[in-house]
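Fold and contact review
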Amino acid sequence: MSSNEAYHNNTDPGVGGGGGGDGPGGSASGSTGGSQRRNHLHHQQILNETTYLKPAAKQAYFSDEKVLIPDDDSTNVGFSFRKLWAFTGPGFLMSIAYLDPGNIESDLQSGAAAKYKILWVLLWATVLGLLMQRLAARLGVVTGLHLAEMCYRQYKRLPRWILWIMIEIAIIGSDMQEVIGTAIAIYLLSNKVVPLWGGVLITIVDTFTFLFLDKYGLRKLEFLFGSLITIMAVSFGYEYIVSAPNQGEVLEGMFVPWCSDCNSNVLLQAVGVVGAVIMPHNLYLHSALVKSRDIDRRQPKKVSEANFYFFIEASVALFVSFIINLFVVAVFAHGMYGKTNQDVIDVCVNKSMYEDAVTSFVDSQNGTALIDADLYKGGLFLGCTFGAVAMYIWGVGILAAGQSSTMTGTYAGQFSMEGFLNLQWPRWCRVLVTRCIAIIPTFCLAMFSKMEDLTNMNDILNAVMSLQLPFAAIPTIAFTSCAAIMGEFVNGLGNKIVSILLTIVVIGVNLYFVVVQVENMNIEGGLLALVCIFAILYILFNLYLVIHMAACMGNQRLMNSRWVQRFVLPSQNSFSIKNANSTYASELTLNDNGNTISSMQNPNQNLTQRSQLR
């Protein structure tokens, strides 16, 4: 029985059809020691989705079923739309992180501040996101392990815990943005009948409701996410059509990488766009979602085919997300750019939302200051300019963005916990804990503060999540560039150089954004000292991850260093293997809590991958 077959039948892949003495580890048969060895191999674990997890425990998202891939090899078709359809799903779920309320708000702010001048930044940030998502997906496809599971095997305990904490912070920060966006959407759609704090509480109930829908089947759940993306596309597309921006200026902003007469505020908006688009926990999510497809990893051809179709699907999904983001930027670039608060109030005269506009579009300069845009003001502006229907459709789009990103964020948290801690919580427990952590501060702000305080929190949350990006990008590049892990699918030299350089650029841009946000907070005294200490520790830990990445890539000087072997690499140097590139995953040594685990596959006998404790 193959590992995939065992998974379909909800049996323990490590027991039964794996066989004990027919693999490379079974040469000792015929003696007492050989008999014990066969008994040990009989109960071993296969290096796949259920490795190190209790067989009876259910994993999130694809616990009960996997999508079968049609076999079109007999027809000799070069490209199969049937196969593409079978692989379609994970990429669209991943793309939802590019459409969360934090991204939508960043889009409307960049349009209001810079018009179409930094649309090219959005375009190339999406392209860069695609490159990183491709690496994450390849890791999951080739190894059968997602990013958090690989971190569990390839990092020592302390750095592994630090990574988990950082990713949890990113997930909770994203969750807070989604709660804020959903609460604002409910506030708009209910015509202020449901207060903001009420909308915050509603997000608890509706999240549970949606998450339990996956019991109806994996494909139906993916259809639900696809429907939410469609709602966003239709909602924001409607706003784009009624606002009718200049198409020539839109195209120029997309393809001319220049920003003339741009001040520091515009530069900060461009940095914010990059930080909002590339989410650290999304790499962990995508590497796990691809495991929902039944891929025969014994055959390199099947693995290569899966990588190909997943890349096409991710490209289409991120193209759709880019178009939706483009709609939002263009709408507010056309309508809000260069407008003052008083300009909007004048437009709202004799409209039902006039009183709300008067209380929302205020400043200390008698209405002459430029608009400080946010999700709520965006809805009021659309309502005043294009009618109440436009405001309600905007609210529907924001609600869809908040609900969809909430669910995918919960899955990301589930995968993170399963992988980093080798721990599984019931999904309802996981949702309750993360949602309560996100809701408590948000609820307090919604109850005791103004709308602008709630929306201004997004800037702080974007800065927090920007800090976490290295903790996803560096491990992703490290593992996909390690021949011992990826075999013949390891990153080539060009891939390594491009991914490293682009990651350095993005991390540098995000750190600049964080520094600006910290400066704006006017921190002094003891708090400033704490920030400096955190900055030093942050840089040191990133250096630690870079050293580990260099060792993954085969730097012999680091691999042979006693200090690196003791404090950085897993026990017995998991990267020093023989013939790593000879065949797909032919020899692989991983680490679990200090024990070396060897997974070997005999391609001539077409055996299942095995994991043997030495």
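Residues numbered from 1 in each chain as written. Predicted model: local features only at pLDDT ≥ 70, side-chain atom pairs only at ≥ 80, totals over all residues. Heavy atoms only, no water.

The name that an unreviewed UniProt entry assigns to the protein is Protein Malvolio isoform X1, with the source organism given as Drosophila kikkawai. According to its UniProt record, the protein has this under Sequence similarities (unreviewed entry): "Belongs to the NRAMP family." The record in UniProt for the protein states the following under Subcellular location (unreviewed entry): "Membrane". (UniProt positions renumbered as here; feature names shortened; annotations may be inferred.)

**As for the overall build of the protein**
The secondary structure content of the protein amounts to 26 helices and three strands. Looking at the protein residue by residue over its 614 residues, the buried ones come to 57%. Summarising the internal contacts of the protein: among those between residues at least 6 apart in sequence, 80% fall at separations of at least 24. For the protein, the accessible surface area stands at approximately 24900 Å², while carbon and sulfur atoms represent 63% of it. (Helix = DSSP H or I, 4+ residues; strand = E, 2+ residues; numbered from the N terminus. Buried < 20%, exposed > 50% of the residue type's maximum accessible area, 1.4 Å probe, protein only. Contact = heavy atoms within 4.5 Å. Areas by Shrake-Rupley, 256 points an atom, 1.4 Å probe, with all protein chains shown as cover.)

**With respect to unusual backbone geometry**
The residue N191 is not glycine, and still its phi comes out positive at about 55 degrees. You can see N191 is positioned in the loop between α8 (157-189) and α9 (196-211). For N191, a relative accessible area of 48% corresponds to the partly exposed category.

**Some thoughts on the pattern of salt bridges**
Inspection of the entire model under this criterion finds eight salt bridges. One salt bridge in this structure joins R219 and E222, with 2.9 Å as the shortest N-O distance. Of the two residues, R219 and E222 both sit in helix α10 (residues 218-243), three residues apart, roughly one turn of that helix. Each of R219, E222 and R293 takes part in one network of salt bridges that share partners. (Salt bridge = Lys/Arg side-chain N within 4 Å of Asp/Glu carboxyl O.)

**Overview of a nonpolar patch on the surface**
A contiguous nonpolar surface patch, about 780 Å² in accessible area, is contributed by L527, L530, I533, I536, L537, L540, L543 and V546. Looking at the element boundaries, L537 is found in helix α24 (residues 525-552). (Patch = residues over 30% accessible without salt bridge, like charges linked within 9 Å, V, L, I, M, F, W, Y side chains within 5 Å.)

**As for the environment of M336**
Looking at the element boundaries, M336 is found in helix α14 (residues 300-336). Once the C-alpha coordinates of M336 and I371 are considered, the two residues, 35 residues apart in sequence, prove to be 7.4 Å apart. With sequence-adjacent residues up to four places away left out, M336 is seen in contact with A112, I371, A373, K377, G378 and F381.

**A closer look at the packing of aromatic side chains**
Here a ring pair, both rings aromatic, is described through the centre-centre distance and the interplanar angle of the planes. One pass over the full model with this rule turns up 19 aromatic pairs. Note on Y155 and F479: the rings are 5.8 Å apart at their centroids and 55 degrees apart in plane angle, and the pair reads as tilted. Of this pair, Y155 sits in the loop between α7 (147-154) and α8 while F479 sits in helix α21 (residues 470-480), placing them 324 residues apart in sequence. In terms of burial, Y155 and F479 fall into one category: buried. Judged by centre distance (5.7 Å) and plane angle (45 degrees), the ring pair of W563 and F567 falls under tilted. (Phe/Tyr/Trp six-rings, centres within 6.5 Å; stacked < 30°, edge-to-face > 60°.)

**Things to note about helix α5 (residues 101-114)**
Taking 1.5 Å per residue as the helical rise, α5 with its 14 residues ought to reach 20 Å, and the 20 Å between its terminal C-alpha atoms agrees with that figure. With 13 of 14 residues buried, α5 is to be regarded as a mostly interior element. Residue K115 follows α5 closely and has a positive phi angle near 60 degrees. (Expected span 1.5 Å × (residues − 1).)

**A word on the packing of α5 against helix α12 (residues 264-277)**
Taken N-terminus to C-terminus, the directions of α5 and α12 make an angle of 160 degrees; their axes are 9 Å apart at the nearest point. Put simply, α5 runs roughly antiparallel to α12. The handedness of the crossing between α5 and α12 comes out as left-handed. Where α5 approaches α12, its residues N103, S106, Q109, S110, A113 and A114 are matched on the opposing element by N265, V266, Q269, G272, V273, A276 and V277. Classifying every residue of the contact of α5 with α12 by side-chain character gives six nonpolar, seven polar and no charged. (Axes fitted to C-alpha atoms, helices over the stretch in contact; angles between N-to-C directions. Parallel < 35°, antiparallel > 145°, perpendicular 65-115°, else oblique. Left-handed = near helix turned anticlockwise from the far one by under 90°. Nonpolar A, V, L, I, M, F, W, Y, C, P; charged D, E, K, R; others polar.)

**Things to note about the confidence of the model for the protein**
If pLDDT is low for a region, its predicted coordinates should not be looked at in detail. In this model, the protein carries an average pLDDT of 78, and 79% of its residues clear a pLDDT of 70 or more. The element-level mean pLDDT for the protein is lowest in strand β3 (residues 612-613), coming to 32, with α14 highest at 94. Residue range residues 573-614 is modelled with pLDDT below 50. Its contacts to residues more than four positions away, or to other chains, number 135 contacts. (pLDDT = per-residue confidence, 0-100.)

**Focus on the nonpolar core**
Of all hydrophobic cores here, the largest spans 159 residues; its most connected members are F236, F332, W394, F420 and F479. With 17 residues, α14 is the largest single contributor of residues to this core. Looking at which domains feed residues into this core, each of domain 1 (93-521) and domain 2 (525-572) gives three or more. Look past the residues within four positions of F420 in its chain and what remains in contact with it is A148, C151, Y152, R160, L163, W164, I167 and Y284. (Core = buried A, V, L, I, M, F, W, Y, C linked by side-chain atoms within 4.5 Å. Domains from an automatic or database assignment.)

**As for the state of the cysteines**
One pass over the structure, following the stated rule, counts two disulfides. Disulfide pairing places C348 opposite C384 at an S-S distance of 1.8 Å. Here C348 and C384 share a disulfide; its torsion about the S-S bond, 105 degrees, makes the bridge right-handed. Taken as a pair, C348 in the loop between α15 (341-347) and α16 (354-360) and C384 in helix α17 (residues 375-386) lie far apart in primary sequence, 36 residues in all. C384 shares its class with C348; the two are buried. Taken N- to C-terminal, the disulfide-bonded cysteines of the protein are connected 1-2, 3-4. Just so you know, C151 is unpaired, no disulfide at all, and the nearest cysteine sulfur is the one on C552, 9.9 Å from it. Unpaired in terms of disulfides, C482 finds its nearest cysteine sulfur in C552, a separation of 4.8 Å. (Disulfide = S-S within 2.5 Å.)

**Overview of the packing of α14 against α17**
Closest axis-to-axis distance for the α14/α17 pair is 12 Å, and the angle between their directions is 65 degrees. Seen along the crossing, α14 lies across α17 with a hand that is left-handed. On α17, the residues that touch V331, F332, G335 and M336 of α14 are K377, G378, F381 and L382. Its residues placed into classes, the contact of α14 with α17 shows five nonpolar, two polar and one charged.

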